[in-house]
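# Tertiary structure, described
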Amino acid sequence: MSFLPISKEEMEERNIEQLDFVYVIGDAYVDHPSFGHAIISRILEAHGYTVGIISQPDWKDEESISVLGRPKLAFLVMGGNMDSMVNHYYVSKKRRTMDSYTPGGEIGKRPDHATVVYSNLIRKKYRDVPIVIGGIEASLRRMAHYDYWDNKFKRSILLDSQANLITYGMGEKSIVEIADALAGGIDINDLTYIKGTVFKTKDLSVAYEPVILPSYDEMKEEKLMYAKSFKIQYDNTDPFNGNVLAEPYDHGVFVVQNPPQEPLTEREMDDVYELPYERTYHPMYEEMGGIPAIEEIQFSLISCRGCFGGCNFCALTFHQGRIIQARSHESIISEAKKIIEMPNFKGYIHDVGGPTANFRKPSCKKQLKCGVCKHRQCLTPTPCKNLEVDHSDYLSLLRKLRKLPGVKKVFIRSGVRFDYLMEDKDDTFFREMVEHHISGQLKVAPEHISDVVLDKMGKPKNAVYEKFIEKYWKINKQKGKNQFVVPYLMSSHPGSTLKEAVKLAEYCRDIGYNPQQVQDFYPTPSTLSTVMYYTGVDPRDMKPVYTPKDPHEKAMQRALIQYRNPANYELVKEALIKAGREDLIGFGKECLIKPRQFARGKNSGLKGNSNNNKDNKNNKNNKNNKNSNNSKNTKGTNRENRGKNREKSNKISRQNKKSKKRR
């Protein structure tokens, strides 16, 4: 096999006069099953349809959308593997400097709100050709939603894009059903019955017993109406017990969401991942520097999809659903053997997992018949009594992969749900994970240590994480390992006041952890946490929730976690004073920062805290002092530089050394 056609010349080589589908994508063309466009295009090809790819067209040029001509059946549009706004902007709304899904990492090769822009470009050129939009951007914006970047409450992307249909979620079943219907002569506007799709209509009788949501105008006028609407949507994301939902708009228009497509069986999952992917980017990108994103996934194996973890800041519930779908061992091992044969494979399988690595089956037996519980999460606030905890299948898979000729190590990097692991009464997996599957550092996501914030995050109480860490150190010691933990922490999540942020800083102090990066809460479409951020209430109970929105407060919360960074001194000091925690400013071991006096005068030396020299903006000789080892006035600075070097090389070691002492 080869890559799908990207030009008229390649169509002619395949004797294709007119393509069935033209697929417009915001990413570079990478034919690998970690990319949504690769899966959908190969699925269609396997069902006998011809597909061509237009990658990152020039949205300022109408002709860029017509390079493959008019498709027989429809245009497919996908903004990319990420929402185009997340791809373009940091949480601060500053422009990113790199796009890992573009040749050479170049930024700016796709527009903001790419799905809408591409679809409108198509509609301008081809007025009557059906347009089906999909991917993460369309999936999470399928109903009215809050857009953080524009700070606006927006309509369904179906309306703004002028598309005919949305296929949401992973979409393998729905896209084939759509293709077969169109090939059979059914009009696109009559496709109102397909699971996993969203359509628009003025005749609500075509929808089966719909639940009517608040109208767009009502939600735009009153934020609490949006919170109520979202809770209904959140409770109807299951393919077995989800209802049809209808969202009213002006002029009698309804945007109607059908229940999600049913989860793939193991055989169907295997079929998807055994399609003839080229497993790399199109060769045309080689001279442009390749596609950076391939480095993260080319030696990794996807074993499952879906997640019943229930994190409120994560959109997986809305996109992949809560029911776990897994591949067979045989399918995964077959793919591993293909990886082993790659010329640049060095013997290390980087990951075996999915959204959560140690989820390999539904959380309870009833889910595949009755669906997931609408009003109960599987793991939080405490594990459900029906939760089935079993790592034996995943452990068996890892053992088989370890034995493959040419494999030196098999790592787990996609994240382990530690609360699920702690519910397992059998320690075998925990022990073998420590012994064989950690590359020196285990990355876990406690996210916070305040139970108040953890509740709003949909995470377990901090005590569960503490027990996990204690057990982790114990097993490491028994195995003679010196492996560390890198905890992911988040600042400014709804529920986090300065008081909670100070608690998190004290925790970092106690374990000796100095994070180089901190994730500030990022409000992305279709998460419970984003609804809290926008409406000021928790949709689960409609109670008010404090939400840090002021950029300065968010900066203070972020700085508290990185209180050791001299550049953060003033922010940390201000935060501690506002939080009434001036007891943490001093010379004691418990203090986060020391009091200091700014030096005065053109040539004055450094007094007090050695960090002052870096922060004193009035010192014109600051840069010279920092770089000179001979200056009489740089003893403090040199100590600081030496300390930084030691800290950079030993940051994880210090963290874990202090954590062990705490035990």
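Fair warning: this is a prediction, and the values are worked out from it, not measured in the lab. For every chain, the first residue of the written sequence is number 1, and numbering continues from 1 onward in sequence order. Side-chain atom pairs in this predicted model are given and counted only at pLDDT of 80 or more, local residue features only at pLDDT of at least 70, and totals for whole chains, interfaces and linings cover all residues. No hydrogens and no water enter the side-chain calculation; it runs on all heavy atoms of the structure.

### Comments concerning the overall build of the chain
As a reminder, the rule being used: A helix here means a DSSP run of H or I that spans at least four residues, while a strand means a run of E at least two residues long, and both kinds are numbered starting from the N terminus. Think of it in three bands: with a 1.4 Å probe and only protein chains considered, a residue is buried below 20% of the maximum accessible area for its type, exposed above 50%, and partly exposed in between. In what follows, a contact means two residues having at least one pair of non-hydrogen atoms within 4.5 Å. Accessible surface is estimated by sampling points in the Shrake-Rupley manner with a 1.4 Å probe; for residues, cover comes only from the protein chains shown.
For the chain, the count of helices and strands is 26 helices and 24 strands. Counting the 663 residues in the chain, one finds 58% classified as buried. Considering only contacts in the chain between residues 6 or more positions apart, those separated by 24 or more positions represent 73%. For the chain, the exposed area adds up to about 28900 Å²; of that, 48% sits on carbon and sulfur atoms.

### Here's the deal with the packing of aromatic side chains
The geometry of an aromatic ring pair is captured by the separation of the ring centres together with the interplanar angle, meaning the angle of the planes. Formally: Here a Phe, Tyr or Trp ring, Trp counted by its six-membered ring, pairs with any other such ring whose centre lies within 6.5 Å, and the pair is stacked when the planes are under 30 degrees apart, edge-to-face when over 60, and tilted otherwise.
Applying the stated criterion across every chain, the model contains 31 aromatic pairs. On the basis of an interplanar angle of 75 degrees and a centroid distance of 6.0 Å, the ring pair of Tyr-148 and Trp-149 is categorised as edge-to-face. Geometrically, the ring pair formed by Tyr-394 and Phe-429 is tilted, given 5.6 Å between the ring centres and 45 degrees between the ring planes. Here Phe-429 lies in helix 17 (residues 428–436) and Tyr-394 lies in helix 15 (residues 392–402), a separation of 35 residues in the sequence. Relative accessible area serves as the criterion here: at 1%, Tyr-394 is assigned to the buried category.

### Here we look at the sheet that holds strand 22 (residues 519–520)
Strands pair in a sheet through their backbones, by hydrogen bonds, and they do so in one of two ways: parallel or antiparallel. Note the threshold: Only strands joined by at least two bridges in the DSSP assignment are considered to pair.
Read across the open sheet, the three strands follow the order 20-21-22; overall the sheet is parallel. Both edges of this open sheet fall to strand 20 (441–447) and strand 22, since each of them pairs with a single strand only. Bridge analysis of strand 21 (residues 484–491) against strand 22 gives two bridges, and the strand direction is parallel. Paired with Met-490 across the strands is Gln-519, a residue of strand 22.

### Points about the environment of Ile-475
In this structure, Ile-475 sits in helix 19 (residues 462–478). Given the relative accessible area of 2%, Ile-475 is considered buried. Separated by 48 residues in the primary sequence, Ile-475 and Asp-427 place their C-alpha atoms 9.6 Å from one another. For Ile-475, the residues in contact, after removing those within four places along its chain, are Phe-430, Arg-431 and Val-434.

### A closer look at the pattern of salt bridges
Put simply, the rule is: Within this document, salt bridges are pairs made up of a side-chain nitrogen of Lys or Arg and a carboxyl oxygen of Asp or Glu, the two lying within 4 Å of each other.
In the structure shown here, the tally under the stated rule is 41 salt bridges. Across the salt bridge formed by Glu-262 and Lys-195, the nearest N and O atoms sit 3.5 Å from each other. Remark: Lys-195 occurs in the loop between helix 7 (172–183) and strand 9 (197–201) and Glu-262 occurs in the loop between strand 12 (254–257) and helix 10 (266–273); sequence separation between them is 67 residues. Of the charged contacts in the structure, one is a salt bridge between Asp-583 and Arg-581, with a shortest N-O distance of 3.0 Å. Assessed through its relative accessible area of 25%, Arg-581 is described here as partly exposed. Each of Glu-506, Arg-509, Asp-510, Arg-581 and Asp-583 takes part in a single network of salt bridges with overlapping partners.

### Here's the deal with the side chain of Ser-66
Going by this rule: By the criterion applied in these results, polar contacts are pairs of N or O atoms within 3.5 Å in which, for protein atoms, one can donate a hydrogen and the other can accept it, and in which residues neighboring in sequence qualify only through two side-chain atoms.
Among the secondary structure elements, Ser-66 is positioned in the loop between strand 3 (51–55) and strand 4 (74–78). Here Ser-66 falls in the buried class, since its relative accessible area comes to 16%. Here the side chain of Ser-66 touches Glu-63 through a polar contact of 2.9 Å, landing on its backbone oxygen. In contact with Ser-66, not counting residues within four places along its chain, are Lys-125 and Tyr-126.

### Quick word on the sheet that holds strand 10 (residues 211–212)
What counts is decided by this rule: Every axis corresponds to a line fitted to the C-alpha atoms, with the helix fit spanning only the stretch in contact, and the corresponding angles, defined between N-to-C directions, vary from 0 to 180 degrees.
Ordered in space as 3-1-4-5-8-9-12-11-10, the nine strands form an open sheet in which the pairing is mixed. Each having just a single partner strand, strand 3 and strand 10 make up the two edges of the open sheet. Here five bridges tie strand 1 (residues 21–25) to strand 3, and the two strands are oriented parallel to one another. In the sheet register, Ile-25 faces strand 3, and the bridge partner there is Ser-55. Against the sheet, helix 7 contacts strand 1, strand 4, strand 5 (131–134), strand 8 (165–167) and strand 9, and its axis sits at roughly 145 degrees relative to strand 8.

### Digging into the pairing of strand 3
Across the five residues that make up strand 3, a large majority, five, are buried. Side chains of strand 3 alternate between two faces, with Val-51, Ile-53 and Ser-55 and Gly-52 and Ile-54 buried alike.

### Some remarks on helix 10
Keep this limit in mind: As used here, the arc belongs to the directions running from the helix axis to the C-beta atoms.
Of the positions making up helix 10, those classed as buried are Met-269, Asp-270, Val-272 and Tyr-273. When helix 10 is viewed along its axis, its buried side chains cluster within an angular range of 160 degrees and face the same direction. Check the buried side of helix 10 and you find it contacts helix 2 (36–46), helix 7, strand 14 (300–302), strand 15 (304–305), strand 16 (325–326) and helix 13 (329–340).

### Comments concerning the nonpolar core
Note the following rule: By nonpolar core we mean a set of buried residues, namely Ala, Val, Leu, Ile, Met, Phe, Trp, Tyr and Cys, connected to one another through side-chain atoms within 4.5 Å.
Within the largest apolar cluster, 64 residues are counted, with the highest numbers of intra-cluster contacts made by Val-24, Phe-75, Ile-122, Ile-133 and Ile-166. Core analysis: the next-biggest nonpolar cluster, separate from the first, contains 52 residues, Tyr-49, Leu-182, Val-244 and Ala-293 among them.

### Examining the side chain of Glu-10
As for its placement among the helices and strands, Glu-10 is situated in helix 1 (residues 8–13). Side-chain polar atoms of Glu-10 contact the backbone nitrogen of Ile-6, separated by 3.1 Å. The contact partners of Glu-10, leaving out residues within four places of it in the chain, are Leu-4, Pro-5 and His-282.

### Overview of the confidence of the model for the chain
The line we're drawing: Each residue carries a pLDDT score, the predictor's confidence in it, ranging from 0 to 100.
For the chain, the mean per-residue pLDDT works out to 90, and 90% of the residues sit at or above 70. Segment residues 598–663 is flagged for pLDDT under 50; beyond a separation of four residues in sequence, or across chains, it makes 85 contacts in the model.

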